[in-house]
Structures are given as structure tokens and as C-alpha cells.
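If you want the building blocks of each chain, they are given just below.
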Amino acid sequence: MDETPLKGLKVVELARILAGPWIGQTLADLGAEVIKIESPSGDDTRQWGPPFIERERPDGGTERVSAYFQCANRGKASVICDFQNADDLENLKALIAEADVVIENFKVGGLDKYGLDYASMSALNPRLVYASITGFGQTGPRALQPGYDFLIQGMSGIMDLTGDPDGDPQKVGVAWIDIFTGLYGVIGVQAALAERERSGKGQHVDLSLFDTGISVLANQASNFLIGGVEPKRLGNAHPNIAPYQVFPASDGHLIVTCGNDRQFASFCDVLGLGDMAVSPKFATNADRVANRSVLTDVITAKTLMRTRSDLIDALEQAKVPAGPINRVSEALADPQAIARGLQVEADGISGLGTPIKFSRSIKSEDRSAPLLGQGNK
């Protein structure tokens, strides 16, 4: 019988909000046993709503839990631990002594006074992989400063690159850096576990929102480091490719992404602009980037003459990547999203699954986010 990839892995999560819990949820989806340690009042995001879900408790009462909490805590057990209670603290340390992984997102040094820091826990459990998520990392001049996704989006440079060129900087519509940090956290934890197979020793994995925000600037940072020119907001255009942007149709907008000269020539043919593909101004991508403004004006005059669906269908036939700008509801209803099983049900609660497909292994996505203290004995 096929099994989950991480069956037998034991994880203790001392994390709340999003980045840390995202690590825990991903590991849980891959089969790890994840025990979420919560204060008596619970993870802050349990109250981050509306919308809320009313759930029945074993004692006959009900618990109101936010949709936000549901998105990042599927598949975990919840254990209440009051750090001020000596018995609770000793029980937690005993749990960590038997764990493979700890995930925590307290401020730097915040767990020292409880003896839950890496140095103390690794002395108790030398094979422990201990992942810390902070705003700015364990070292450096900002290490003690608090950091939230929105703040780090501004500080990392991504907001200055997002939005209309003549408008205000804009944040991404989800906590983008939290999610990326969570995913890098999963990679870091799994790499440390793989190394442990050789050395027999655990280690501290130091993750920061700021590090992540800088690291995923990708081509925009490379453009600056190599080209020496400050990147600027281009709205929905691409700094290195043209045409690779939004165009208006007669009844809405569509996205066209020409990644090579063949696709551009096919795009021109669909619009009745065949000569444009061999023009010295537009023959190569570098030419098109240099003459972006004129290119956009000529193409826009043509796309405005046709409906969005007509253009998308014609471009699909011509093998030019193009598509609509969907609402969330439309994206979830897309036949491809349905075919790929991106939406999962756990205890009657809808959510989004982890987008990893295995040829043999299975995932564990059928357990909802826990009621507060559901794992307490």
C-alpha cells in the first residue's frame, strides 16, 4: 500500500500567524505528525475574520474559527500549553525530546527564558532540526526588530516594483513573503533532515522574511546587479520581455505572453500585423523592449477591435500563450483546477491542497484544522 512521504516524522509547531504554520501544514499534508502548541487563547488568526466557521466541540459546545486559520493549519493536532505553568512546560519539553522537528516564530531570544531555545533543546535532543522564522533573522543590526509580511514587502523592494507606474506602490494581494518563507522553510527542514541521515546530528535552520523578500526578487535584482539601472514599476508589463502584458479587448482584458520570436510572429498574424514581426523595430525581443511604447500602441489598436473570448480562442489555436484575468471564484472553477484536484475537503470544510503530485506516494489532506486543545489528553 502506498504511503505518505513523511510518515513517521514528528513535528512540534510553536508558531502562529502564517509563515511558520505554512511549514507545519505542508509537512502535515506530506504525512508528518504535526502537533501545534497554542496558548490558552489560541493562535491569533483563529479570530482573524469574518468569515468564520462554527464547529462542534466534543463537550457539546461550539467553537468559532476563522477561514484564515483554516487555510494554514490543516492536518495538525492542537495542544494547549501555558508557558507560565511548570507542568505544561515540562510536558512540552518531553514532547520535543521525542520530536524530529521544531518550528517556531518567536522573536530572537524569546524562548530562552523558558528553556525552549535551540541550544537548550538540542542538548536534550541532539538529532533535532529546529527551524526559526523571524522578521530579520537571528543575526544582523535588525535582528531584534519585529517584522510582518506587509512591512517586509515594502522594505524588500517588491512593492516599489508592483502597481501602476504613475500610481502608488502596491503590495501583493496575499501575504506573499510569508508564504515564500514557509516554503523555503519546508526546503530547509527537509535538507537538514537529509543531512541528519549522514551526520546523525540535527541543526538550527534560520529563516527570515526579509531574507526571503530579497532573495525572490529574481530577475529584477539581477537586472540591477548586472545592468546597474534601478528597476521601475511597469504595471502589468515585463522588464525583460515584450509583448508580455495585459491588453484591452472590446469587452474586457486579456493577458498575452510572447516568450520568443515565433510566438510574437504568430501573435502578429492573428492581429493582421504580419509585417510587424519582421520590422527592424520589432524583429527581436531586444528590439521590442526598446520600442515597447510604440509596440503596445499598435497592438492595442487591434485588440480593441475584437472580443476577449475571440482573441483568446484565436491565440490558443496559434499556440500563443494567452488567457483571462480571473476572479478567485473563476480560477477555482476552471476545468484545469478541477481536474488537478486543487480544492480539497477536510471534515466537510473546503480548502486548497498542497500542489505536489507524486507517482506513488499519497498525501494526507483529509484532516481539517484542529479545534483549540483538541490534542490535549
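Here, the structure is the one placed above.
Parameters and conventions
- Residues numbered from 1 in each chain as written.
- Predicted model: local features only at pLDDT ≥ 70, side-chain atom pairs only at ≥ 80, totals over all residues.
- Heavy atoms only, no water.
- Salt bridge = Lys/Arg side-chain N within 4 Å of Asp/Glu carboxyl O.
- Helix = DSSP H or I, 4+ residues; strand = E, 2+ residues; numbered from the N terminus.
- Polar contact = N/O pair within 3.5 Å; in protein donor to acceptor, adjacent residues only side chain to side chain.
- Contact = heavy atoms within 4.5 Å.
- Axes fitted to C-alpha atoms, helices over the stretch in contact; angles between N-to-C directions.
- Parallel < 35°, antiparallel > 145°, perpendicular 65-115°, else oblique.
- Left-handed = near helix turned anticlockwise from the far one by under 90°.
- Nonpolar A, V, L, I, M, F, W, Y, C, P; charged D, E, K, R; others polar.
- Core = buried A, V, L, I, M, F, W, Y, C linked by side-chain atoms within 4.5 Å.
- Buried < 20%, exposed > 50% of the residue type's maximum accessible area, 1.4 Å probe, protein only.
- Expected span 1.5 Å × (residues − 1).
- Pairing = 2+ DSSP bridges.

A.B. asks: Just to check I follow, could you spell out the pattern of salt bridges for this structure?
C.D. replies: Taken as a whole, this structure holds 15 salt bridges when the rule is applied. K36 serves as the salt-bridge partner of D43, at 3.1 Å between the closest nitrogen and oxygen. Within the structure, one salt-bridge network assembled from shared partners comprises E13, K36, D43 and K76.

A.B. asks: Sorry if this is basic, but what is going on with the side chain of T300 here?
C.D. replies: Along the chain, T300 falls in helix α11 (residues 292–303). In this structure the side chain of T300 is engaged in a polar contact, spanning 2.7 Å, whose partner is the backbone oxygen of T296. Among all residues touching T300, those that are not within four sequence positions of it are F247 and P248.

A.B. asks: Would you mind going over the packing of helix α1 (residues 19–29) against helix α6 (residues 176–199) with me for this structure?
C.D. replies: Angle between the axes and distance between the axes: these two values describe a pair of packed helices. Contact geometry of α1 with α6 gives a least axis separation of 8 Å together with a crossing angle of 50°. By the angle between their directions, the pair α1 and α6 is classed as oblique. Judged by the twist between their axes, the crossing of α1 over α6 is right-handed. Together, A19, W22, I23, T26 and L27 of α1 and D178, I179, T181, G182, L183, G185, V186, V189 and Q190 of α6 make up the contact between the two elements. When the residues that make up the contact of α1 with α6 are grouped by side-chain class, the tally is eight nonpolar, five polar and one charged.

A.B. asks: Explain the nonpolar core to me, please; I cannot follow it from the model alone.
C.D. replies: Grouped together as the largest cluster of nonpolar side chains are 31 residues, with contacts concentrated most on V11, L27, V101 and I103. Those elements that provide at least two residues to this core are α1, β6 (101–104), β7 (129–134), α6 and β8 (204–208). A per-element tally of this core places α6 first, with six residues. Leave out the neighbours within four places in its chain, and L27 touches L6, V11, A32, V34, I103, V186, V189 and Q190. The next biggest cluster of nonpolar side chains, apart from the first, holds 21 residues, and it includes L254, V256, F264 and L295.

A.B. asks: Can you walk me through α6 in this structure?
C.D. replies: Note: α-helices contain 3.6 residues per turn, so residues at a spacing of three or four share the same orientation. The terminal C-alpha atoms of α6 lie 34 Å apart, and with 24 residues this matches the ideal 34 Å at 1.5 Å per residue to within 8%. Among the residues of α6, those classed as buried are W176, I177, D178, T181, G182, G185, V186, G188, V189, A192, L193 and R196. Contacts made by the buried residues of α6 are with α1, β6, β7, α5 (149–156), β8 and α7 (209–215). Downstream of α6 by one or two residues, G200 has phi in the positive range, about 80°.

A.B. asks: What is the right way to read the sheet that holds β8 from this model?
C.D. replies: Sheets are built from strands that pair by backbone hydrogen bonding, the pairs being arranged parallel or antiparallel. In spatial order, the strands read β5-β2-β1-β6-β7-β8; together these six strands make up an open sheet with parallel pairing. A strand with exactly one partner marks an edge of an open sheet, and here the two such strands are β5 (77–80) and β8. Within this sheet the neighbouring strands show an average axis-to-axis angle of 20°, counted without direction. Of the pairings in the sheet, the one linking β7 to β8 comprises five bridges and is parallel in character. Bridging from a neighbouring strand, A131 pairs with V205 of β8. Most of the contacts of helix α3 (residues 86–97) go to strand β1 (residues 10–14), to which it runs at about 140°, and overall it touches β1, β2 (33–38), β5 and β6.

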